[in-house]
Amino acid sequence: MPEQYIHRGQMGSRYYLWALVGLVVCLLAMPMAAQTALAEAEKPADVRLLIDVSGSMKRNDPSNLRSPAVDLLIKLLPEKSKAGVWTFGKYTNMLVPHREVGDKWREQASAKAEQISSTGLFTNIGGVLDKASYDLAKRDPKFNSHLILLTDGMVDIDKDPAVNEREWQRIVDEVIPQLADAGFTIHTIALSDNADTELLEQMALATDGHSAVAQSAEALMQAFLQAFNKAAPAEQLPFDGESFLVDSSVEEFTALIFYKSGSLPTELRAPDGSKYLANTKRTDVSWFAGDGYDLVTIKRPFEGEWGVKADVAPNSRITVVSDLSVHLATLPNNLLPGGEALLSLSLKQDGNTVIAPEFLQLLDISARLEHESGQGRDYQLYQSSAPTPPQGLFELALSDFDEPGQYQLKVLVDGKSFRRSISHSFRVQAPFQAELEEGENEDGLSGYWLRVSGATAALDMGSTEARVRINEPDGNQLDKTMVTLPRKGWELFTQLKDDGLYQLEIEISGTYRSGEHLRQNLEPLSLVVGDPGALVDDEEGEAEVQAEPEAKQNWLLYVLLAVVNLLVIGLLYFGYRTWVAEKPEPELNEEEDDDFIDVNAVADDADVPVEEVIADVKEKVGLDEAQTDPAAPAEEPQMPGVATEGDMGNPNEAGVGDDVLDMDDMDEEAPAAEPPLLGETVEAPEPEPEPEPEPEPEPEPEPESESEAEPEPEPGAKPETADDVVTNINEELDALIESQQAKAEADNEGLEESFDLADEAIAEVDLNEVVNQEGDKTE
């Protein structure tokens with residue numbers, strides 16, 4: 001028994017020892033992997049340009065901007081690198097020999113770049129890949145080999161579509177895997193929406209290259225420059241568009257200044273105040289003026305701050321050749337969502353890695369990773385005075401790649417006396433893309449097509465399959481295997497007959513050509529049957545389902561608000577009618593109903609025009625005159641100078657007050673009869689025949705109530721003057737107006753004007769009646 005335990009203990013010690021050894025190996029392997037990546041990045045570039053010269057380029061590149069773009073890349077290629085240029089249509093032509101870059105090669109290559117045209121009949125993409133990789137079996141491992149492919153079309157080598165399809169399959173199944181295995185990186189540029197972007201993206205993804213689409217010929221220059229930065233990254237000086245700092249270790253710098261249209265000529269200003277222009281003739285200055293850019297190389301530049309005077313456009317940069325340089329380890333160009341990238345860098349002095357703590361402790365190393373949407377994160381790799389890393393290697397794991405799209409990384413090294421900048425871009429995308437659309441199959445049946453794309457040439461399609469699980473609205477599940485397509489994809493036709501919400505879960509499983517296993521679950525798709533085209537992902541589906549009750553709640557809220565508003569309006573109207581409406585009057589005898597003038601009713605009817613109010617009052621007064629005392633004399637002469645009712649004119653035709661009685665023409669000693677009270681019947685003698693009309697007097701200003709004294713009444717009588725009657729009416733109207741103003745002040749202004757006009761009309765009629773009665777008594 002003890003021996004058995006001892007044996008197990010020895011075995012446990014062995015396992016522990018091996019685990020410890022494995023951990024040490026892993027720790028040592030991490031810096032070794034970083035050192036390997038740094039060594040790989042330090043290799044010179046081997047750049048091979050493949051340019052489409054098919055006839056369709058006349059339409060997509062009418063100004064032949066390919067020629068100056070290729071010439072710019074030729075001038076930017078660093079010394080000790082290798083390069084060559086191939087053109088292709090139906091046939092492939094080596095335009096510039098593939099050799100090491102030097103002054104003689106640049107001169108020859110620039111002259112050849114002017115011969116780029118658009119005369120080809122077909123688009124032989126596979127042929128140019130074969131010719132440009134002529135050294136596939138014996139590629140020089142001392143170089144990093146890159147192919148930059150520019151095209152605007154599809155695989156087109158024959159009029160027979162079947163021949164073109166076979167060539168497409170050959171490129172995907174044979175050419176691309178061979179290039180990837182040999183260490184080539186392919187960067188692609190599509191110069192048209194008609195280009196085979198699916199094939200170009202497969203090339204880039206299979207070899208970890210860069211893929212871009214130039215939407216116009218004008219964007220071609222920037223697309224070329226992005227691909228070139230991937231193939232031949234260069235150390236840069238931080239440049240803000242106005243100035244940059246040159247330190248003593250810089251042997252030469254090259255300024256690539258893009259300028260906007262209409263900009264003044266570019267001017268460089270040295271720290272000593274001297275100016276450099278395009279026509280500057282110096283042996284240490286090389287100035288090339290291109291179309292929209294200036295490329296300036298200055299050897300042995302002055303130390304200090306340099307200035308740039310120009311309307312600088314984006315993507316301008318200052319690259320340097322220096323004894324002191326920053327080396328960035330090779331970074332991936334393509335990542336999966338949620339992936340990581342290891343940022344590793346070191347400084348080298350005369351080719352040797354700097355490890356001296358007294359120097360490294362002066363550094364501040366920062367980085368910013370920014371998504372194309374503008375969202376980003378700042379990192380701090382190292383701060384001055386902190387403990388220096390072993391072997392002078394600064395590392396940081398970048399893991400903020402959650403969203404698909406383009407990311408830009410910018411690293412800044414600040415050494416107090418010098419500054420360096422390095423940039424790199426990432427493309428983050430899911431390996432497979434699924435889409436669902438409604439359609440018909442070959443038998444004419446209606447249903448839905450599920451298609452999955454994104455398989456690269458690195459995937460062994462023979463051992464890889466795509467399966468889908470369909471979750472039906474009633475809870476049932478259907479498992480189906482998708483059909484493999486020749487062009488690296490899968491599809492499935494299905495009929496979903498019941499209305500409701502379906503969810504489709506897709507799984508890709510298989511192996512790569514390298515033997516690695518693959519198992520990938522795609523984001524589930526949601527489909528609402530009954531609403532064509534309602535294809536959403538999980539989050540959008542949940543938002544759509546939640547949006548319906550929210551919309552109902554909003555409509556209910558609007559209805560409730562409308563009801564509340566109607567109730568408030570009803571209450572306000574009821575209150576207005578209650579407090580402002582006509583007050584009840586005492587009951588009158590039947591024979592007195594026709595003689596009663598309801599002033600309140602007249603005043604309250606705000607919609608009746610003023611002229612109608614005056615006419616109604618005069619009509620009432622006329623009826624009172626007709627009901628005179630039968631004992632009164634039948635005919636009485638009219639007082640001279642006193643106008644009768646007929647002489648007053650029609651108030652509907654003249655302005656109110658035009659025919660007002662002239663108080664100065666009245667007999668001052670004529671006694672006034674007792675005027676009628678408001679609401680009483682007016683006793684008046686029988687109307688006399690109207691005399692011949694006299695000329696109308698000139699209109700006089702309306703008499704002031706206080707300026708003229710009324711005649712004294714006869715002894716024993718207590719008559720009321722016209723002013724008293726008007727005052728009584730005004731008091732009633734004023735009280736009514738005050739109550740109205742408390743309810744609706746804005747509407748009372750028009751009512752007040754109507755009341756004032758009605759008062760004047762009533763006062764005029766009453767005054768005329770009083771005068772007539774006084775005249776009768778005097779006679």
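Preceding this section is the structure that the text describes.
Residues numbered from 1 in each chain as written. Predicted model: local features only at pLDDT ≥ 70, side-chain atom pairs only at ≥ 80, totals over all residues. Heavy atoms only, no water.

With that settled, consider a nonpolar patch on the surface. On the surface, Val564, Val568 and Leu572 cluster together into a nonpolar patch covering about 270 Å² of accessible area. Judged by relative accessible area, Leu572 falls into the exposed class, the value being 59%. (Patch = residues over 30% accessible without salt bridge, like charges linked within 9 Å, V, L, I, M, F, W, Y side chains within 5 Å. Areas by Shrake-Rupley, 256 points an atom, 1.4 Å probe, with all protein chains shown as cover. Salt bridge = Lys/Arg side-chain N within 4 Å of Asp/Glu carboxyl O. Buried < 20%, exposed > 50% of the residue type's maximum accessible area, 1.4 Å probe, protein only.)

Let's shift gears to the pattern of salt bridges. Tallied over the entire structure, the rule returns 22 salt bridges. Between Asp400 and Arg377 there is a salt bridge, with the nearest N and O atoms lying 2.8 Å from each other. Residue Asp400 is found in the loop between β21 (394–398) and β22 (405–414), and its partner Arg377 is found in strand β20 (residues 376–382); the two are separated by 23 residues along the sequence. Judged by its relative accessible area of 27%, Asp400 falls in the partly exposed class. (Helix = DSSP H or I, 4+ residues; strand = E, 2+ residues; numbered from the N terminus.)

Glancing now at the sheet that holds strand β12 (residues 293–299). Pairing is antiparallel in the open sheet, where 4 strands are placed in the order β11-β12-β8-β14. The open sheet terminates on both sides in strands that have one partner only, identified here as β11 (285–289) and β14 (317–322). Going across the sheet, the axis of each strand differs from the next one's by a mean of 10 degrees, ignoring polarity. Sheet analysis places β11 next to β12, joined by 5 bridges and oriented antiparallel. Along β12, the bridge assignment pairs Ser286 with Thr297. On the sheet, helix α3 (residues 66–76) packs against β8 (250–258), β11, β12 and β14 and is oriented at approximately 15 degrees with respect to β12. Contacting β8, β12 and β14, helix α8 (residues 220–231) crosses the sheet at an angle of about 150 degrees to β8. (Pairing = 2+ DSSP bridges. Axes fitted to C-alpha atoms, helices over the stretch in contact; angles between N-to-C directions. Contact = heavy atoms within 4.5 Å.)

Here we take up the packing of helix α5 (residues 125–132) against helix α6 (residues 161–181). Put simply, α5 and α6 touch, their axes get as near as 10 Å, and they point 25 degrees apart. In terms of their interaxial angle, α5 and α6 are classed as roughly parallel. Taken as a pair, α5 and α6 cross one another with a handedness that is left-handed. Packed against α5, whose contacting residues are Ile125, Gly126, Gly127, Leu129 and Asp130, the element α6 presents Glu167, Arg170, Ile171, Val175 and Leu179 at the interface. Its residues placed into classes, the contact of α5 with α6 shows 5 nonpolar, 2 polar and 3 charged. (Parallel < 35°, antiparallel > 145°, perpendicular 65-115°, else oblique. Left-handed = near helix turned anticlockwise from the far one by under 90°. Nonpolar A, V, L, I, M, F, W, Y, C, P; charged D, E, K, R; others polar.)

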